[in-house]
Amino acid sequence: MEEKKNKDIIDLRELWKKVKERKRLFLITLPVTFVLSCLYIICFPRYYDTDVKLAPEMENSMSGGTLGSLAASFGFDLSNMESSDAISPMLYPDLMEDNGFVSKFFDFKVVSADGTINTNYHEYLQKLQKHPWWDSVIDWIKTLLPKKEEQLVTGAGGDGQYNPYILSRRENSLIKKIQDNVQFSMDKKTGVITINVRDQDKLICKTVADSVCSLLQQFITDYRTNKARNDLKYYTKLASDAKHDYERARQLYGSYSDRNMDVVLESYRAKQEDLENDMQLKFNTYTAMQTQLQQAKAKVQERTPAFTLLKGASVPIRPTGPKRMIFVIGMVFLAFFATIAWILKDELKKTI
């Protein structure tokens, strides 16, 4: 029984002695790991992060009272459930999953901090991004392999126009890259939308953040005012038609009155009164349509949401990553413990 207990006891001094006997192994593994880690991590381009915080105006029919306050303490906003909007602000972050919305980013004009890049975001992502050297080797190898014909033409629909929902592999990879670089998030308690943008150039990072913020504001405004703008367009047409009918009736009445100014026949007077009554009806209709038109214009303004920019995008001073020093130190520590495990592998097997 005592022999079994002695076998289960690990002699740390004996293990340390074996590690010291193989200390030359550390002089090989640690410097090699340090050099290889530096060569590996330096191949990854640096990137910058910036963010924008935006508070859109939300239409709520009721605040929820005590129940709403209680739900808010748990992270739920009951007031959004009473909104007349089909798309609640909670769904705005899901816009990044829509190719039609993300494809609008391609037209952003971007300029690098050193001024060497001045193009659109699509060209920048496709040709002017930095990559590790092995990506170029992989791309070169792919060019040697037989290519499969793509069934879908890049962004082309049946009518030859650009269709963001029919993309080639290259275009789809650019969409995925944008979805990785641009992230939306929303605070359920405060309703504040945060837009995080990551890019290899600090000025382009800020430019994209500002552009995405403007695009989101435009989307929200277009959605909130869509019905009001359709009503405005409808009443504009009605008012234009009513004005045309009134002017035509006025011209008929005026010309008929001028031609029969001295006529005393009742039949002519009756027709003149009919023309006058018709002109008055057309005028009343035109006046009513003008009133409706002004109300429709006011409705568009009323439905246009206001935005509060809580935090604007700033040009980052320092790169966010990669954390090269932390990576190298971590790899050296990992190599150190791996070397110890290699030296004591026999003892570890016996213990296990």
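The structure under discussion appears in the preceding block.
Residues numbered from 1 in each chain as written. Predicted model: local features only at pLDDT ≥ 70, side-chain atom pairs only at ≥ 80, totals over all residues. Heavy atoms only, no water.

1. Focus on the packing of aromatic side chains
So, point 1. Counted under the stated rule, the structure contains 15 aromatic pairs.
So, point 2. Ring geometry for Tyr 246 and Phe 283: centres 5.2 Å apart, planes at 55°, overall tilted. Of this pair, Tyr 246 sits in helix H10 (residues 226-259) while Phe 283 sits in helix H11 (residues 266-303); the two residues are 37 residues apart in sequence, bridging distant segments of the chain.
So, point 3. Residue classification places Tyr 246 among the buried residues on the basis of a relative accessible area of 15%.
So, point 4. Judged by relative accessible area, which is 35%, Phe 283 ranks as partly exposed. (Phe/Tyr/Trp six-rings, centres within 6.5 Å; stacked < 30°, edge-to-face > 60°. Helix = DSSP H or I, 4+ residues; strand = E, 2+ residues; numbered from the N terminus. Buried < 20%, exposed > 50% of the residue type's maximum accessible area, 1.4 Å probe, protein only.)

2. A few points about a nonpolar patch on the surface
So, point 1. Judged by side-chain polarity, Leu 27, Ile 28, Val 32, Phe 34, Val 35, Leu 36 and Leu 39 come together as a nonpolar surface patch covering roughly 700 Å² of accessible area.
So, point 2. In this structure, Phe 34 sits in helix H3 (residues 23-41). (Patch = residues over 30% accessible without salt bridge, like charges linked within 9 Å, V, L, I, M, F, W, Y side chains within 5 Å. Areas by Shrake-Rupley, 256 points an atom, 1.4 Å probe, with all protein chains shown as cover. Salt bridge = Lys/Arg side-chain N within 4 Å of Asp/Glu carboxyl O.)

3. Details of the packing of H3 against helix H12 (residues 324-343)
So, point 1. The geometry of H3 relative to H12 is characterised by a closest axis approach of 9 Å and an angle of 150° between their N-to-C directions. Looking at the two axes, H3 sits roughly antiparallel to H12. Remark: the crossing between H3 and H12 carries right-handed chirality. For the pair H3 and H12, contact is made by Leu 25, Phe 26, Thr 29, Leu 30, Thr 33, Phe 34, Ser 37, Cys 38, Tyr 40 and Ile 41 and by Arg 324, Phe 327, Val 328, Met 331, Val 332, Ala 335, Phe 336, Thr 339, Ile 340, Trp 342 and Ile 343, respectively. (Axes fitted to C-alpha atoms, helices over the stretch in contact; angles between N-to-C directions. Parallel < 35°, antiparallel > 145°, perpendicular 65-115°, else oblique. Left-handed = near helix turned anticlockwise from the far one by under 90°. Contact = heavy atoms within 4.5 Å.)

4. Observations regarding the pattern of salt bridges
So, point 1. As enumerated under the stated definition, the model contains 8 salt bridges in all.
So, point 2. One salt bridge in this structure joins Lys 227 and Asp 231, with 3.2 Å as the shortest N-O distance. Of this pair, Lys 227 and Asp 231 both sit in helix H10, 4 residues apart, which is roughly one turn of the helix.
So, point 3. Note that Lys 237 and Asp 241 form a salt bridge whose closest N and O atoms lie 3.1 Å from each other. In this pair, Lys 237 and Asp 241 are both assigned in helix H10, 4 residues apart and thus about one turn of the helix distant.
So, point 4. Accessibility expressed as a relative area gives 34% for Asp 241, which makes it partly exposed.

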